[in-house]
Amino acid sequence: MCSVVGIYGNENASKLCFYSLFAMQHRGQEAAGISASDGIHIKTVKDRGLVTQIFKEEHFNILKGNMAIGHTRYSTAGDDSILDAQPVFARYGLGEISIAHNGNLVNAKEIRDELIKIGAIFQSNMDTENLIHLIAKNQKPTLKERIIDAVKKIKGAFSLVILSRTKMFAIRDPFGFRPLSLGKLKSGGYIVASETCAFELVGAEYIRDIEPGEMVTFENGKIKSEMIFKPTPKQCIFEYIYFARPDSNIFGKNVYSVRKQMGRELAKEMPVDADMVVPVPDSGVAAALGYSEESGIPFEMAIMRNHYVGRTFIEPTQEIRDLKVKMKLSPIKHKIEGKRLVVIDDSIVRGTTSKRIVRMLKEAGAKEVHMRIASPATTGPCYYGVDTPTKEELIASKLSTQEIAKYIEADSLAYLSIDGLVKAVNDKKENYCFACFDGNYPIL
């Protein structure tokens, strides 16, 4: 779950990229980078680490120009290496190019193998590098034609921003798996970003979402839109459940409002006698508020989060995840002692975090701990940009709900149904991908 941003037509393009990436840091914490064009050359700065750790004032003296693209990395394909950080820059026959990609290509190995057979040399393990080679080896006379040919060869999830020396392109795959929005900067120019929370920080007005299958070209101070694929919307429902920031609007809806409604639907479907509703911070807060309002059970922030610790689900190894749960969450004992708790979380993926939370609450004196999950059981891996690469990692793929409740040591466990989730989103079910819940994959 990476983030991408593109700034066009603003002399502070690289700094606006920096602030946008900072706003979307939750989407990836392993690496970040910015490429900027001054109309003659593209310069790139990227490294492992957080946005604020990588970029210093001297870097913005390098990243000059009125166009820039940026990326924060959360690895789903590739290695934890500086070579696998984005944007991916290259010099080729038509000049210079840089690409930032959010998503995951399901035919990346097939394309890479074909390219290697005809002499391509790869510097990284990223599926994104395939695009550079497809564009460079194409013989069409314009970059735009080459890009269209290239994206028609790839399959999977891709929200792309592509920078040349004089143009910028924003492209969304025909399924629209990953969000991408267009805005107008109050200081001049345009912005595209994975989430609209970036718009608030840099002073941009939301215009609209880039549509599934659409390519937007930024050139000569103007923007031009065209549909390069027939749209078949299958937007990732997990963006609403976990990844997106609550203050963002994605797929045309506010994330906080959808999450709160998920909690309301969960309370209708899976009620329980309890003394208080307790969210797992921060991901369970909005749903817990909805559950509390619908059920009439008081809401209490009885678990505190240390905000100087990162997100546990997107840490790359289980050992680090285990340690960070202990570092991140702590109970308020005098609030929960002797009480029956309904604990609301957004999802259970591997089950280790939930187990530690239940144990922590019972050790702090909770009489009962009932887990309620504001999404369906995650039973299948995602091939479109979420780090659940094998079915074996997913606890709900091998254990029943009752068995999971026993494993996490909860008094009861229940999930929101797919129908309840659809009601909460208040949109057509066919516009979303539920593959991680129902196994119906739009493309493999």
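Chains are numbered independently. Their residues run from 1 in the order of the written sequence. In view of the model being predicted, local features appear only for residues whose pLDDT reaches at least 70, and side-chain atom pairs are presented and counted only at 80 or more, with totals across whole chains, interfaces and linings using the full set of residues. To get the side-chain values, all heavy atoms of the structure are used, and hydrogens and water are removed first.

Some details on the sheet that holds strand S17 (residues 276-279)
In step 1: In spatial order, the strands read S17-S20-S21-S22; together these 4 strands make up an open sheet with parallel pairing. Of all the strands in the sheet, the pair left with one neighbour each is S17 and strand S22 (412-415). On average, each strand axis in the sheet is tilted by 25° relative to the strand beside it, whichever way the strands run.
In step 2: Note on pairing: DSSP must find at least two bridges between two strands before they are called paired. Helix numbering and strand numbering both begin at the N terminus, where a helix is a DSSP run of H or I of at least 4 residues and a strand a DSSP run of E of at least 2. Direction of pairing for strand S21 (residues 368-373) relative to S22: parallel, over a ladder of 4 bridges. Counterpart to Ile373 in the pairing with S22 is Tyr415.
In step 3: Any two residues having at least one pair of non-hydrogen atoms within 4.5 Å are treated as being in contact. Axis lines are fitted to C-alpha atoms, over the contacting stretch for helices. Their N-to-C directions set the angle, which ranges from 0 to 180 degrees. The strands touched by helix H10 (residues 285-295) within the sheet are S17, strand S20 (340-345) and S21, with S17 carrying the most contacts at an inclination of about 165°.
In step 4: Of the strands in this sheet, S21 and S22 are in contact with helix H14 (residues 401-408), which crosses S22 at around 130°.

What to know about the nonpolar core
In step 1: Residues belong to a common nonpolar core when they are buried Ala, Val, Leu, Ile, Met, Phe, Trp, Tyr or Cys residues joined through side-chain atoms within 4.5 Å. For the exposure calls, accessible area comes from a 1.4 Å probe over protein chains only, and a residue counts as buried if that area is under 20% of its type's maximum, exposed if over 50%, partly exposed in between. Residues Ile237, Tyr240, Met262 and Phe437 are the most contacted members of the largest nonpolar core, which totals 46 residues.
In step 2: Looking at this core, the elements that each hand over two or more residues are helix H8 (238-243), helix H9 (255-269), H10, S20, helix H15 (418-425), strand S23 (432-433) and helix H16 (435-438).
In step 3: Those residues within four positions of Phe437 in sequence are excluded, and the remaining contacts are Ile237, Phe238, Ile241, Ser375, Pro376, Ala377, Thr378, Thr379, Ile418 and Leu421.
In step 4: Listed in part, the 30 residues of the second largest apolar core include Met126, Ile135, Ile162 and Met215.

A word on the layout of surface pockets
Sizing a probe to match a water molecule and rolling it over the atoms shows the empty space that remains.
In step 1: Taken as a whole, the second largest pocket holds about 330 Å³ of empty space.
In step 2: Every residue lining the second largest pocket is counted, 18 residues in all, and those nearest its centre are Val88, Phe89, Ala90, Gln123 and Glu129.
In step 3: Only strand S3 (42-48), strand S5 (88-92) and helix H5 (129-137) provide two or more residues apiece to the lining of the second largest pocket.
In step 4: The element best represented in the lining of the second largest pocket is S5, accounting for 5 residues.
In step 5: Among the residues making up the lining of the second largest pocket, the classes are represented as 11 nonpolar, 4 polar and 3 charged. Think of a 1 Å grid over the protein atoms and nothing else: a 1.4 Å probe that fits but is trapped marks a cavity, an open set flanked by protein within 12 Å on at least five of seven lines marks a pocket, and residues with an atom within 4 Å of a point count as lining. Grid points are joined across faces, edges and corners, and a volume is the space filled by probe spheres set on the points. Ten residues, namely Ala, Val, Leu, Ile, Met, Phe, Trp, Tyr, Cys and Pro, are considered nonpolar, four, namely Asp, Glu, Lys and Arg, are considered charged, and the remaining ones, Gly among them, are considered polar.

Some details on the sheet that holds strand S11 (residues 204-209)
In step 1: Taken together, 7 strands build an open sheet; the order of strands is S3-S2-S4-S1-S10-S9-S11 and the sheet is antiparallel. Strands at the two margins of the open sheet, each flanked by one partner only, are S3 and S11. In this sheet, adjacent strand axes meet at a mean angle of 15° when their direction is disregarded.
In step 2: Pairing analysis gives 7 bridges linking strand S2 (residues 31-37) to strand S4 (residues 67-73), with the strands arranged antiparallel. Looking at the pairing, Ser35 lines up with Ile69 of S4.
In step 3: Relative to S4, helix H1 (residues 13-23) is tilted by about 25°, and along the sheet it contacts strand S1 (3-8), S2, S4, strand S9 (181-185) and strand S10 (190-193).

Side note on the packing of H9 against H15
In step 1: At a closest axis distance of 8 Å, the pairing of H9 and H15 adopts a crossing angle of 140°. The angle between H9 and H15 places the two elements in the oblique class. Like other packed secondary-structure pairs, H9 and H15 cross with a definite hand, here right-handed. Residues Val258, Gln261, Met262, Glu265 and Glu269 of H9 form the contact with H15, whose participating residues are Gly420, Leu421, Lys423, Ala424 and Val425.
In step 2: Counted by class, the contact of H9 with H15 contains 5 nonpolar, 2 polar and 3 charged residues. In these notes the angle categories are as follows: under 35 degrees is roughly parallel, over 145 is roughly antiparallel, 65 to 115 is roughly perpendicular, and the rest is oblique. It is the rotation of the near helix from the far one that decides the hand of a crossing: anticlockwise by less than a right angle makes it left-handed, clockwise makes it right-handed.

Some remarks on the side chain of Gln235
In step 1: Mapped onto the secondary structure, Gln235 falls in strand S14 (residues 235-236).
In step 2: The exposure class of Gln235 is buried, given its relative accessible area of 10%.
In step 3: Among residues more than four places away in sequence, those in contact with Gln235 are Arg172, Phe175, Gly176, Phe177, Phe251, Asn431, Tyr432 and Cys433.

Points about the packing of aromatic side chains
In step 1: Pairing of aromatic side chains here covers Phe, Tyr and the six-membered ring of Trp, requires ring centres within 6.5 Å, and sorts the geometry by plane angle: under 30 degrees stacked, over 60 edge-to-face, intermediate tilted. Under the counting rule described, the total for this entry stands at 19 aromatic pairs.
In step 2: Each ring, one from Tyr242 and one from Phe243, has its centre 5.1 Å from the other, and the planes form 85°; the classification is edge-to-face. Each of the two residues, Tyr242 as well as Phe243, counts as buried.
In step 3: These aromatic residues form a ring-pair network of at least three members: Tyr74, Phe238, Tyr242, Phe243 and Phe437.
In step 4: Taking NZ or CZ as reference, Lys184 lies 5.1 Å from the ring centre of Tyr190, over its face.
In step 5: Taking NZ or CZ as reference, Lys355 lies 4.2 Å from the ring centre of Tyr407, over its face. As a reminder, the over-ring test applies to NZ of lysine and CZ of arginine, requiring each to be within 6 Å of the ring centre and within 35 degrees of the ring normal.

Function cannot be read off these values alone, since they describe shape.
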